[in-house]
Amino acid sequence: MQRVTATEDLTSVEWRDTNWLERVGGFQNQQMVLDYFALSPFWDRHCNNQVLSMQTQYNDLRQPYEATVEALRKMTGIEFAVVHDQPPVWIIQKRYRRGPAPDDVNPIATYYIMGANVYQSPTIYSVIANRLLTSLFHVNSAFKETQSMMDFHPAKGYSWKTSADTSKKSASSSEKSPLTAKSASTNTASTSHTAKSNLRAQETQVFRHWMDRAIETASIKVTQARQIIDTPESEKMNATGAIDSPNSQLRDDISGKRSRKRMDEGNTTNRKKKATK
């Protein structure tokens with residue numbers, strides 16, 4: 001079975017041949033419509049219609065359109081057929097035939113002839129995609145217009161511009177002299193750059209101020225928490241008295257040893273006295 005390939009997008013192409021129409025006297029039947037369409041760039045040179053046309057090109061076997069349709073039903077592959085005939089509009093369908101049944105076809109593309117002009121009909125996908133792109137363009141334009149009506153202040157945040165602000169700006173601009181307006185137009189770029197830099201500096205200062213406040217508040221909370229944790233130990237020390245230090249313990253040990261030594265010396269002297277007696 002022949003593979004169905006995608007059709008080239010020629011929706012931006014318009015083709016016509018008025019000389020051919022004047023020579024034949026216009027469209028007399030559907031076969032003449034297909035003959036005229038075969039001259040356009042939309043025609044597929046490998047279709048079944050072209051095969052039948054080549055078979056009857058150099059003899060008198062030229063058959064009417066109904067016979068051509070019957071012969072095409074016996075073949076499989078790409079074919080062209082007139083599916084709508086209402087002058088001055090003719091609709092031609094490019095399709096892939098799979099069997100002899102009239103409906104055993106798969107549409108590939110649709111073309112139409114309006115007067116003498118031939119066009120390719122856009123697909124539903126392309127129509128929806130273009131409509132979506134158009135709607136998104138208008139939505140984006142609306143967002144940009146809304147953004148131009150907003151005003152931002154580091155301390156207050158975002159706010160809508162009022163009519164009073166716009167009237168003040170328009171009044172101030174109208175009061176400017178021509179020379180002032182000319183000089184202002186020459187210095188617009190530098191002024192806007194300076195204004196942006198000043199705004200950024202103000203935002204940075206405000207941010208640093210609030211960060212310092214936050215750090216200071218956090219440090220105060222930490223010190224208070226430490227005081228709360230250390231308070232029971234200090235109260236306990238005040239109630240029970242000072243805890244003996246290692247130096248005081250050492251002094252007590254030395255004094256105890258001295259008293260024991262004195263007692264031992266007294267005992268030895270008493271023993272000597274008894275022995276002499």
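A brief structural summary. (Residues numbered from 1 in each chain as written. Predicted model: local features only at pLDDT ≥ 70, side-chain atom pairs only at ≥ 80, totals over all residues. Heavy atoms only, no water.)

1. Details of the packing of aromatic side chains
Our working definition: Geometry of aromatic contacts follows a simple scheme: Phe, Tyr and Trp rings, the Trp one being its six-membered ring, pair when their centres are within 6.5 Å, and the pair is stacked under 30 degrees between planes, edge-to-face over 60, tilted otherwise. Segments assigned H or I by DSSP are reported as helices when at least four residues long, segments assigned E as strands when at least two residues long, and all are numbered from the N terminus. For the exposure calls, accessible area comes from a 1.4 Å probe over protein chains only, and a residue counts as buried if that area is under 20% of its type's maximum, exposed if over 50%, partly exposed in between.
The full count for this structure, using the stated rule, is 13 aromatic pairs. Both rings, one in phenylalanine 37 and one in tyrosine 111, keep their centres 5.3 Å apart while their planes meet at 55 degrees; by these two values the pair is tilted. You can see phenylalanine 37 sitting in helix α2 (residues 30-37) and its partner tyrosine 111 sitting in strand β3 (residues 105-114), a full 74 residues away along the chain. Relative accessible area serves as the criterion here: at 0%, phenylalanine 37 is assigned to the buried category. The class for tyrosine 111 is buried, based on a relative accessible area of 2%. Taken together, the ring pairs connect Trp15, Trp20, Phe27, Tyr36 and Trp90 into an aromatic cluster.

2. Points about the packing of helix α3 (residues 48-55) against helix α4 (residues 65-73)
Note the cut-off: Only the contacting stretch of a helix is used when fitting its axis, a line to C-alpha atoms as for every element, and angles between N-to-C directions run 0 to 180 degrees. Here the word oblique covers every angle except those under 35 degrees (roughly parallel), over 145 (roughly antiparallel) and from 65 to 115 (roughly perpendicular). Left-handed describes a crossing in which the near helix is turned anticlockwise from the far one by less than a right angle; the clockwise case is right-handed. Here a residue-residue contact requires only that any non-hydrogen atoms of the pair lie within 4.5 Å. Throughout this entry, Asp, Glu, Lys and Arg are counted as charged residues, while Ala, Val, Leu, Ile, Met, Phe, Trp, Tyr, Cys and Pro are counted as nonpolar. The remaining residues, Gly among them, count as polar.
Where α3 contacts α4, the axes come no closer than 10 Å and their chain directions differ by 120 degrees. One way to sum up the angle between α3 and α4 is to call them oblique. In the crossing of α3 with α4, the sense of the turn from one axis to the other is right-handed. Residues Asn48, Asn49 and Leu52 of α3 form the contact with α4, whose own contacting residues are Thr68, Ala71 and Leu72. Considering only residue class, the contact of α3 with α4 consists of three nonpolar, three polar and no charged.

Just geometry here; none of it tells us what the structure is for.
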